[in-house]
Amino acid sequence: MSASALSSIDRTTARHVVAASFLGWMLDACDFFIVLFTLDNVAHSFSTSLEAVLLAPTLTLITRPVGAFLCGRAADKYGRKPVLIGTITVYSLIEVLSAFAPTLTIFLVLRALFGIALGGEWGVGTSLIMESVPPSWRGTASGILQAGYPAGYLLASLMFLLLPVLGWRGLFILGGGAVVSAIYIWLAVPESPDWLARQAQGAEAEHQPGMLEVVRQNMALCVFAVVLMAAFNFMSHGSQDLYPKVFLALERHVPPSSITSLAVLYNLAAIAGGVVFGVLSQRIGRQYSIALAALLTLPILPLWTLPHSVIWLGVGAVCIQFCIQGAWGVVPAYLSELSPASVRATFPGLAYQCGNLIAASNALLQTRLAAWMGVGLAPALMLTVGMAALTVLVLTLLNARLHPQSTLG
């Protein structure tokens, strides 16, 4: 990033950018997790099976790359701020409309459309924050931004307490309040100074390479980023999607109040992990910080799933989410620093969401793997998350050896 671009934004404004990006991602994640917390309630409402409703989060994951590409390209061309505001407004509206879906088919269509808006938010928000903060802030800002995801999970788990009062439809309407983050961005957040500086170059900026040209010139980088993010998403969704409602409630018979308490604890740990490893990445490098978090995940897997005691399950969940979301806390800075400047709103988000696309079958894969093994969900959870963590560890260390970390510029 140029010195002139950095000088155009003060530290107070940079804090607004960090806060707004965190808020947008947190409320986005909250809206996604509301579905996972109410799977059986939605199934009962539409008189269908739990497996049929599991198509909702799957469709959301499948359509996210579409949003990452469309919104990313729009943000690279028209600016980060207006596209981010539009994306948040759209997903908030769809969340409310989902509450009024009269049939399962319409509900699933709306969740697919929600995935497009959700997929666009992360990449655009990441480019805005990484281009707007001083270089010394990037590791911390990355951890704070990504902490919005477990914070959204935490918020959804607290909102779930209102289910007996509001019903699942009421929770979806409440989730539409995410539009407040769009208002905050409109009022308090300026456009990315780096994007403005490149636009000021005029005709010279028109010759910057587009996404297709970037892919052709950086095929190995693109494949690496997508495979890495697929492993990241299997690690994250593999440890979260079925854990509260299916594993804890239906298999371990943990009461709802205890599930809520566990969700609060392990999401607080996840938020802390994202910030800790994000800050650590500023000292030891992005790739080594990710690798360390992935390595620490592996020995925790038995503690996370095998106990029948709620206390020990809680200890395992806290530890594993601290490590998994700790690794995730480095991702926004890592992908932004790998990305060519002309596609910085598109490349990180598209890599992330293409990885999500590959991992979209996670919930169905885990349930079918558990049925095939015939010994409960615990081995399936450990196998998917363990393989994903090992893949993240190997890929990041391999890339650290072959390609020293680049910097955002």
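No experiment lies behind these values; they were computed from the predicted model shown. Within every chain, residues take consecutive numbers counted from 1 along the sequence as written. Residues qualify for local features only when their pLDDT is at least 70, as the model is predicted, and side-chain atom pairs are given and counted only at 80 or more; totals for whole chains, interfaces and linings, by contrast, use all residues. Where side-chain values are given, they derive from all heavy atoms of the structure, hydrogens and water being excluded.

A helix here means a DSSP run of H or I that spans at least four residues, while a strand means a run of E at least two residues long, and both kinds are numbered starting from the N terminus. Check the secondary structure of the protein and you find 23 helices and zero strands. When the backbone C-alpha atoms are referred to their principal axes, the protein occupies close to 60 × 45 × 40 Å. A simple rule labels every residue: compare its accessible area, found with a 1.4 Å probe on the protein chains alone, to the largest value its type can have, and call it buried under 20%, exposed over 50%, or partly exposed in between. Counting all 409 residues of the protein, 59% fall into the buried class. Only heavy atoms enter the contact rule, under which two residues are in contact if any of them lie within 4.5 Å. Considering only residue pairs separated by 6 or more positions, the protein has 86% of its internal contacts joining residues 24 or more positions apart. Accessible surface, the protein: about 15200 Å² in total, of which carbon and sulfur atoms supply 72%. For the purpose of counting charges, residues Lys and Arg are taken to be positive, whereas Asp and Glu are taken to be negative. His and the chain ends are not included. By convention, the charge on Lys lies at NZ, on Arg at CZ, on Asp at CG and on Glu at CD. Distance from the positive charge centre (19 side chains) to the negative charge centre (17 side chains) of the protein: 4 Å. With residues, only the protein chains shown are counted as cover, and all accessible areas are computed by Shrake-Rupley using a 1.4 Å probe.

Let us now look at unusual backbone geometry. The backbone of S47 shows a phi angle near 55°, a positive value even though the residue is not glycine. Its identity is not glycine, yet H253 carries a phi of approximately 55°, on the positive side. With respect to the secondary-structure elements, H253 resides in the loop between α15 (243–251) and α16 (256–284). Residue H253 is classed as exposed on the basis of its relative accessible area of 62%.

For the rest of this paragraph, the subject is the packing of aromatic side chains. Pairing of aromatic side chains requires ring centres within 6.5 Å, counting the rings of Phe and Tyr and the six-membered ring of Trp. Pairs whose planes differ by under 30 degrees are stacked, by over 60 edge-to-face, and all others tilted. Under the counting rule described, the total for this entry stands at 21 aromatic pairs. Considering the side-chain rings of F33 and Y153, the 4.2 Å spacing of their centres and the 15° angle between planes classify their relative orientation as stacked. Of this pair, F33 sits in helix α2 (residues 11–37) while Y153 sits in helix α8 (residues 138–159); the two residues are 120 residues apart in sequence, bridging distant segments of the chain. With a relative accessible area of 0%, F33 lands in the buried category.

Each assigned domain of the protein is listed here: domain 1 (10–206) and domain 2 (209–404). Segmentation into domains, and thus their bounds, comes from an automatic or database assignment. Taking only C-alpha atoms, the centre of domain 1 and the centre of domain 2 are 19 Å apart. Opposite the 52 residues of domain 1 that make contact, domain 2 presents 53 residues. Here the quantity called buried area is the accessible surface, traced with a 1.4 Å probe, that two parts lose on coming together, added over both. A combined buried area of about 4200 Å² lies between domain 1 and domain 2, and 67% of that area is made up of carbon and sulfur atoms.

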